[in-house]
Protein chains: 4
Amino acid sequence: METATLLCSCDDQPGIVAALTHFVAEYRGNIIDLDQHTDSREKKFFMRLVWDIGDSALSRDELPSAMGMVAKKFVGMKWRLSFDSPLSRVAVMASKAPHCLADLLLRHQMGELPCEMALVLANHGNLADLSRHFKIPFHCVPMDGMDGERAEAQQMRLLRENRIELVVLARYMRILGPDFVAGWEGRIINIHHSFLPAFVGARPYHQALARGVKIIGATAHYVTADLDQGPIIAQDIAPVSHRDEVEDLIRKGRDVERKVLGTAVRLHLERRVIVSGNRTIVF
Amino acid sequence: METATLLCSCDDQPGIVAALTHFVAEYRGNIIDLDQHTDSREKKFFMRLVWDIGDSALSRDELPSAMGMVAKKFVGMKWRLSFDSPLSRVAVMASKAPHCLADLLLRHQMGELPCEMALVLANHGNLADLSRHFKIPFHCVPMDGMDGERAEAQQMRLLRENRIELVVLARYMRILGPDFVAGWEGRIINIHHSFLPAFVGARPYHQALARGVKIIGATAHYVTADLDQGPIIAQDIAPVSHRDEVEDLIRKGRDVERKVLGTAVRLHLERRVIVSGNRTIVF
Amino acid sequence: METATLLCSCDDQPGIVAALTHFVAEYRGNIIDLDQHTDSREKKFFMRLVWDIGDSALSRDELPSAMGMVAKKFVGMKWRLSFDSPLSRVAVMASKAPHCLADLLLRHQMGELPCEMALVLANHGNLADLSRHFKIPFHCVPMDGMDGERAEAQQMRLLRENRIELVVLARYMRILGPDFVAGWEGRIINIHHSFLPAFVGARPYHQALARGVKIIGATAHYVTADLDQGPIIAQDIAPVSHRDEVEDLIRKGRDVERKVLGTAVRLHLERRVIVSGNRTIVF
Amino acid sequence: METATLLCSCDDQPGIVAALTHFVAEYRGNIIDLDQHTDSREKKFFMRLVWDIGDSALSRDELPSAMGMVAKKFVGMKWRLSFDSPLSRVAVMASKAPHCLADLLLRHQMGELPCEMALVLANHGNLADLSRHFKIPFHCVPMDGMDGERAEAQQMRLLRENRIELVVLARYMRILGPDFVAGWEGRIINIHHSFLPAFVGARPYHQALARGVKIIGATAHYVTADLDQGPIIAQDIAPVSHRDEVEDLIRKGRDVERKVLGTAVRLHLERRVIVSGNRTIVF
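Keep in mind that what you see is a predicted model, and the values were worked out from it rather than measured. (Residues numbered from 1 in each chain as written. Chains lettered and ligands numbered in written order. Predicted model: local features only at pLDDT ≥ 70, side-chain atom pairs only at ≥ 80, totals over all residues. Heavy atoms only, no water.)

### Brief notes about the overall build of chain A
The number of helices and strands found in chain A is eight helices and 13 strands. Expected size for 283 residues packed as a compact globule is a radius of gyration near 19 Å; at 21 Å, chain A falls within 12% of this value. Seen along its three principal axes, the alpha-carbon backbone of chain A occupies a region of about 60 × 40 × 35 Å. Across the 283 residues of chain A, 61% fall into the buried class. (Helix = DSSP H or I, 4+ residues; strand = E, 2+ residues; numbered from the N terminus. Rg over C-alpha atoms; globule rule 2.2 N^0.38 Å. Buried < 20%, exposed > 50% of the residue type's maximum accessible area, 1.4 Å probe, protein only.)

Printed below as a string of structure tokens:
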């Protein structure tokens, strides 16, 4: 089956669903999945629409401009139309810890992540072997003793050369500069190893131990200019007890981090996430 | 706001969403919530549609027949249209244990359950006080030493006299006869104190202890002629350990039972559940 | 069975478990439950010991001084010995919301909470009926328009007259003054309706919605002079989505609050909690 | 730190804890962790005791016979004494699916599993690369078209040659013969991809879909002669909905399987599990 996926949002107004589903039906598309949400507080409308374009009267090339004509009928409509192919090109950025990277590459190998894994970009060399095992190109841009800005410029050049659409920070331990964040706005997913907004910043498991919490968590979010403040895509938790030392929190946390990051990346790649202000709609 | 809620299902075919949303829009309804599901394996279509009828060109009396005209365009469409009022009339059936009954009455009092609590129907007298506290009429039809069929006939008469639309079994410890089940088909919700299909039948916590499971659960389901085999609406679990005796499982289980039953009743009353074969679609 | 329960803590040093279990055995006690924890980072030792004193060579009156002799052998040992009876006397403080109070009273009625429910103390009158249904004395000390200090003095007098050992804040919406907190230090349990340390202070569900979290939570903790900073006893969470308005968070949160508060109160009454700095050991 | 770990069980009788902790203390051991459990229904006693033997008056060679002398004082005491080294030798048996094997090897690499990964034993060749990446010897004993008994004899020979103490079935899709099971009794851990006792046997995710459950699970258990009936070590679950096809259940299930199997293997290797009848005590 060949499908088109539309994500759109606008101010709430009557007739949007009718107009869009009519648009699909009149060009012989068959709706496979429709999910919509009306934020009655902010009076905003959001929708995800997936339809079969196997018998479509419009080709892939014609669909966007036709869709544009429909969108113009509604005040302030923002929309994005995607197709099954070509797949999004993804880069994973990592430091030394292998667990999130290994997990993403395994999920990709098992078909959970509809993307092309184009690049692993690290600031240490120890994950080269792992990337090689999964046959994903590995690049190392060391940061220690290097001018940070120059290193970041090199990273951005690599991402651009590889036409990367989504950057996944898999326990990448450096803060990205504003140019980097601006260059991939809404397209950088980070895993923070705490239940945000608790324990922002460095060493959250140590903070959690000091506070004596009974549950730890992890948060996958889009990266914005403000550290650990971007829109949250997914969160999960694990129970802990007084018996757990920092090492135990780290071990238990790894399981949560992997699951939450894998989930968030899949949701993004399946075009299920719309950012609205500092929140996400996850269909 | 005044709303209409449509639940419908039929064989999958093109144009259903477009036709129904067009129907809403052309009579000046504004869609508040739309959720649909296509079961691609069984080629079936399901939808829940909620719209504001404050400015509707059709009155509540006219809407059903107009909707019937739209439904006729699609092969085998089954549908049900409901309005905010009048509220569904609910009866809770209980035996001796107070926890599920108390929970439902408290949820109702706090506005979680959009219904009229019309009746508590018990086979023991000890819950009369609790019902009185919440100002819900209480009837006791004792079963011990009574002819079972005659007692059940009396129960059904009470339910009919009170025009009961939904029957909730809140740890009611008797098995309903086939006439009773047939009379409220798809409108009797039971809480079974295990994670079905594990531990069907009597004393599931004792069975769980004997098997040495590490998690217990509870299941809310529609009652059918086959014991504990009806369509499942909601399930939840609680972790247990070797330290838990049967009394601990029962205590932990009570928390799960209450939550699962309360959730299932709310979902039903909000018209979020469609039964399809032995499964449920829960929007 | 008649039992004694010992909670003790001290600097870690060799031979503590041997000395204490030997003490139990030589006076013909039989250990039913023993749980110990060594905090290797802070080099502290904690233990909970429960034994059958049915055949004990020492009476209840003799046991404490005998235990005191053992404790003296170890540097800095703090200990508390309790028996099955008399039960702890508990007061529940509430405002208008009934759900946590109703839950505690129901749990008490069902035998989950080994205590004497001596008093419900509210600053509004609407929960009088509920308390009466469960046959628990109800007192209202209104706060609005009243001198706060005088009102609090009246509350403390009532608690003292009723010889209250544990105060449970069941969504009590006022901040307790320093005298009150000092008077029941380590014996006031509060439920905060967020996953602490996230969303300290007022209206945490509104804060959660604004931040766009995907999970909400509740935290039961001992009250200290610093608002929402005391040692955490229990926490739990519920998943939420973009569909959940503030009202939905509040509804989902109520289920979590009830469960977490009920659990924390039970753990305290079963003598399972030791406070160490700002953390708790929960056996 | 150098430690000894004792697991023991016997009929409940007075003085066991005192005798064992006295034994540790008198030979200058320092208790690090003690957990005990009394099954009051079956009148059985279980204990796990870990102590520092750095300053021990008894050497590793002397400890077992000294411990044997203590054990003789108690009727029917079964016990096992282990030391930090040498590490247990583990074999992982797998078929084609990589996720559980990859997970175990990654956990081992990150230091979560205190064992020597001695062998991967598969009945297909496709996981050779993965094993090689983690530098674990890989052997393939193909089963298709081979005499089952002969193949199993070859497997057992390999396990014996490699002095394997624990066999982990990481989604190994063949049923082991009675000789195999008897040879590693209580030392074979399997992951079953359902919430046992629900959905015993083949294709549990298909069974789960057909029954319309709202939660799926996975179960790690010791293998016995009866299929999927052995003592359960760990279980966990994931919520599912009507939207999940079999492929989604399989995908969600993989995450649960990995976590549950990894947890069970760690618990076993840390000497935290005692089997009692068909149940486990997990300290």
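Having seen the model, we can carry on.
### Some words on the environment of Leu 249 of chain C
Residue position: Leu 249 of chain C is located in helix H8 (residues 246-269). Sequence separation of Leu 249 of chain C and His 206 of chain C is 43 residues, and the distance between their C-alpha atoms is 8.6 Å.

### Let's talk about the sheet that holds strand E7 (residues 138-140) of chain A
All names here are of chain A. Read across the sheet, seven strands follow the order E7-E6-E5-E8-E9-E10-E11 without closing on themselves; strand pairing throughout is mixed. Edge positions in the sheet fall to E7 and strand E11 (232-239), since each has one partner strand and no second. In this sheet, neighbouring strand axes are inclined to one another by 20° on average, regardless of whether the strands run parallel or antiparallel. (Pairing = 2+ DSSP bridges. Axes fitted to C-alpha atoms, helices over the stretch in contact; angles between N-to-C directions.)

### Describing the pattern of salt bridges
Within this structure, the stated rule accounts for 84 salt bridges over all chains. Across the pair Arg 132 of chain B and Asp 129 of chain B runs a salt bridge, and its minimum N-O distance is 2.8 Å. Of this pair, Arg 132 of chain B and Asp 129 of chain B both sit in helix H4 (residues 128-133), three residues apart, which is roughly one turn of that helix. According to the relative accessible area criterion, Arg 132 of chain B is exposed, its value standing at 55%. Judged by relative accessible area, which is 37%, Asp 129 of chain B ranks as partly exposed. A salt bridge links Glu 270 of chain C to Arg 266 of chain C; the shortest N-O distance between them is 3.4 Å. Taking the relative accessible area as the measure of exposure, Arg 266 of chain C reaches 11% and is therefore buried. (Salt bridge = Lys/Arg side-chain N within 4 Å of Asp/Glu carboxyl O.)

### Quick notes on the relation of the copies chain A and chain C
Turning chain A through 180° and shifting it by 0.0 Å along the axis lays it on chain C, with an RMSD of 0.0 Å. Seen this way, the second copy is the image of the first under a two-fold rotation axis. For chain A, the minimum C-alpha distance to the rotation axis belongs to Ala 198 of chain A and amounts to 2.3 Å. (Least-squares fit on C-alpha atoms with pLDDT ≥ 70 in both.)

### Details of the packing of aromatic side chains
All names here are of chain A. Tallied over the entire structure, the rule returns 13 aromatic pairs over all chains. Consider the rings of Phe 180 and Trp 184, whose centres lie 5.4 Å apart with planes at 50°: the pair is tilted. For Phe 180, a relative accessible area of 0% puts it in the buried group. On the accessibility criterion, Trp 184 (3% relative accessible area) is buried. One aromatic cluster in this structure is built from Phe 23, Tyr 27 and Trp 51. (Phe/Tyr/Trp six-rings, centres within 6.5 Å; stacked < 30°, edge-to-face > 60°.)

### Quick notes on the domain arrangement of chain A
All names here are of chain A. When cut into domains, chain A gives domain 1 (3-83) and domain 2 (88-282). Between domain 1 and domain 2, the C-alpha centre-to-centre distance is 31 Å. Listed as interface residues are 13 residues of domain 1 and, on the opposing side, eight residues of domain 2. For the pair domain 1 and domain 2, the summed buried surface comes to about 860 Å²; carbon and sulfur atoms form 52% of the total. Three residues, Leu 7, Phe 46 and Arg 48, lead the burial of domain 1 against domain 2; their summed loss comes to 50% of the area buried on that side. Taken together, domain 1 and domain 2 are joined by one salt bridge. Measuring nitrogen to oxygen at the nearest pair gives 3.7 Å for the salt bridge that ties Arg 279 to Asp 39. Counting across the domain 1 and domain 2 interface gives three residue pairs in polar contact (both at pLDDT 80 or more). At the level of elements, strand E1 (3-11), strand E2 (30-39), strand E3 (44-52) and strand E4 (78-83) are the ones that each hand at least two residues to the side of domain 1 that touches domain 2. Take the side of domain 1 that touches domain 2: its biggest share by element is four residues, from E3. (Domains from an automatic or database assignment. Contact = heavy atoms within 4.5 Å. Buried area = accessible area lost by both parts, 1.4 Å probe. Polar contact = N/O pair within 3.5 Å; in protein donor to acceptor, adjacent residues only side chain to side chain.)

### Details of the interface of chain A and chain C
Counting residues at the interface gives 35 residues for chain A and 35 residues for chain C. When chain A packs against chain C, close to 3100 Å² is buried across both sides, 53% of that on carbon and sulfur atoms. Taken together, the links from chain A to chain C amount to four salt bridges. Taking the shortest distance from any N to any O, the salt bridge between Arg 243 of chain C and Asp 35 of chain A comes out at 2.6 Å. Taken together, the elements giving at least two residues each to the side of chain A that touches chain C come down to E2, helix H7 (204-211), E11 and strand E13 (279-282) of chain A. Looking at the side of chain A that touches chain C element by element, the count peaks at six residues for E11 of chain A. Tallied by class, residues from the side of chain A that touches chain C come to 16 nonpolar, ten polar and nine charged. (Nonpolar A, V, L, I, M, F, W, Y, C, P; charged D, E, K, R; others polar.)

### So, helix H5 (residues 148-161) of chain D
Spanning 14 residues, H5 of chain D covers 20 Å between terminal C-alpha atoms, matching the ideal 20 Å at 1.5 Å per step. Where H5 of chain D begins, the side chain of Asp 147 of chain D points an oxygen toward the backbone nitrogen of Glu 149 of chain D, at a separation of 3.1 Å. (Expected span 1.5 Å × (residues − 1).)

### Overview of the side chain of His 37 of chain A
Within the secondary structure layout, His 37 of chain A lies in strand E2. Here His 242 of chain C takes part through its backbone oxygen, which lies 3.3 Å from a polar atom of the side chain of His 37 of chain A. Setting aside residues up to four positions removed in sequence, His 37 of chain A forms contacts with Lys 44, Phe 45, Phe 46, Ile 281 and Phe 283 of chain A together with His 242 and Arg 243 of chain C.

### Focus on the sheet that holds strand E7 (residues 138-140) of chain D
All names here are of chain D. Here seven strands make up an open sheet; going across it, the order is E7-E6-E5-E8-E9-E10-E11 and the pairing mixed. Strands with a single pairing partner mark the edges of an open sheet, and in this sheet they are E7 and strand E11 (232-239). Ignoring which end each strand starts from, the neighbouring axes of this sheet average 20° apart. This element, helix H3 (residues 99-109), spans strand E5 (88-94), strand E6 (115-122), strand E8 (166-169) and strand E9 (188-192) of the sheet and lies at about 160° to E6.

### Some remarks on a nonpolar patch on the surface
The grouping of Ile 175, Val 200 and Leu 227 of chain C at the surface amounts to a nonpolar patch, some 270 Å² of accessible area in total. Turning to its location among the elements, Leu 227 of chain C is positioned in the loop between strand E10 (215-222) and strand E11 (232-239). (Patch = residues over 30% accessible without salt bridge, like charges linked within 9 Å, V, L, I, M, F, W, Y side chains within 5 Å. Areas by Shrake-Rupley, 256 points an atom, 1.4 Å probe, with all protein chains shown as cover.)

### Regarding the relation of the copies chain B and chain C
Relative to chain C, chain B is turned by 180° and slid 0.0 Å along the rotation axis, the superposed coordinates differing by an RMSD of 0.0 Å. Taken together, the interface assignments show that 100% of the residues at the interface of chain B recur at the interface of chain C, consistent with an identical surface on both copies.

### Comments concerning the interface of chain B and chain C
Interface size is commonly expressed as the accessible area that is lost once the parts come together. Contact residues are listed per partner, giving 21 residues for chain B and 21 residues for chain C. Both sides together, the interface formed by chain B and chain C hides about 1900 Å², and carbon and sulfur atoms give 49% of it. By the criterion of area lost to chain C, the three top residues of chain B are Met 110, His 133 and Arg 251 of chain B, representing 26% of everything that side buries. Taken together, the links from chain B to chain C amount to six salt bridges. Close ionic contact of Arg 258 of chain B with Asp 103 of chain C constitutes a salt bridge, the shortest N to O distance being 3.0 Å. For the pair chain B and chain C, the interface holds six residue pairs in polar contact (both at pLDDT 80 or more). Sorting the residues of the side of chain B that touches chain C by element identifies helix H3 (99-109), H4 and helix H8 (246-269) of chain B as the ones contributing at least two each. Of the residues belonging to the side of chain B that touches chain C, the class tally is five nonpolar, three polar and 13 charged.

### A few points about the confidence of the model for chain A
Note that predicted coordinates carrying low pLDDT should not be read in detail. Summing up the model confidence of chain A, the mean pLDDT is 96 and the portion of residues at 70 or higher is 100%. For this predicted complex, the interface score ipTM comes out at 0.95, alongside a pTM of 0.96. (pLDDT = per-residue confidence, 0-100.)

### Structural notes on the packing of helix H1 (residues 16-26) of chain A against helix H2 (residues 63-71) of chain A
All names here are of chain A. Across the interface, H1 lies against H2 with an axial gap of 11 Å and an inter-helix angle of 150°. As judged from the angle between their axes, H1 and H2 are roughly antiparallel. Helix-helix and strand crossings are classified by hand; for H1 and H2 the assignment is right-handed. Taking contact as the criterion, the partners of Ala 19, Leu 20 and Phe 23 in H1 are, on H2, Leu 63, Ala 66, Met 67 and Val 70. Classifying every residue of the contact of H1 with H2 by side-chain character gives seven nonpolar, no polar and no charged. (Parallel < 35°, antiparallel > 145°, perpendicular 65-115°, else oblique. Left-handed = near helix turned anticlockwise from the far one by under 90°.)

### Focus: the pairing of E10 of chain C
Residues and elements named next belong to chain C. With respect to burial, E10 is a largely interior element, eight of its eight residues being buried. Here E10 shows no split at all, with Ile 215, Gly 217, Thr 219 and His 221 on one side and Ile 216, Ala 218, Ala 220 and Tyr 222 on the other all buried. With seven bridges joining them, E10 and E11 adopt antiparallel strand pairing. Bridge pairing in E11 places Ile 216 opposite Ala 238.

### As for the side chain of His 242 of chain D
Relative to the helices and strands, His 242 of chain D resides in the loop between E11 and helix H8 (246-269). When its relative accessible area of 6% is taken as the criterion, His 242 of chain D is described as buried. At a separation of 3.2 Å, a polar atom in the side chain of His 242 of chain D contacts the main-chain amide nitrogen of Val 282 of chain B.

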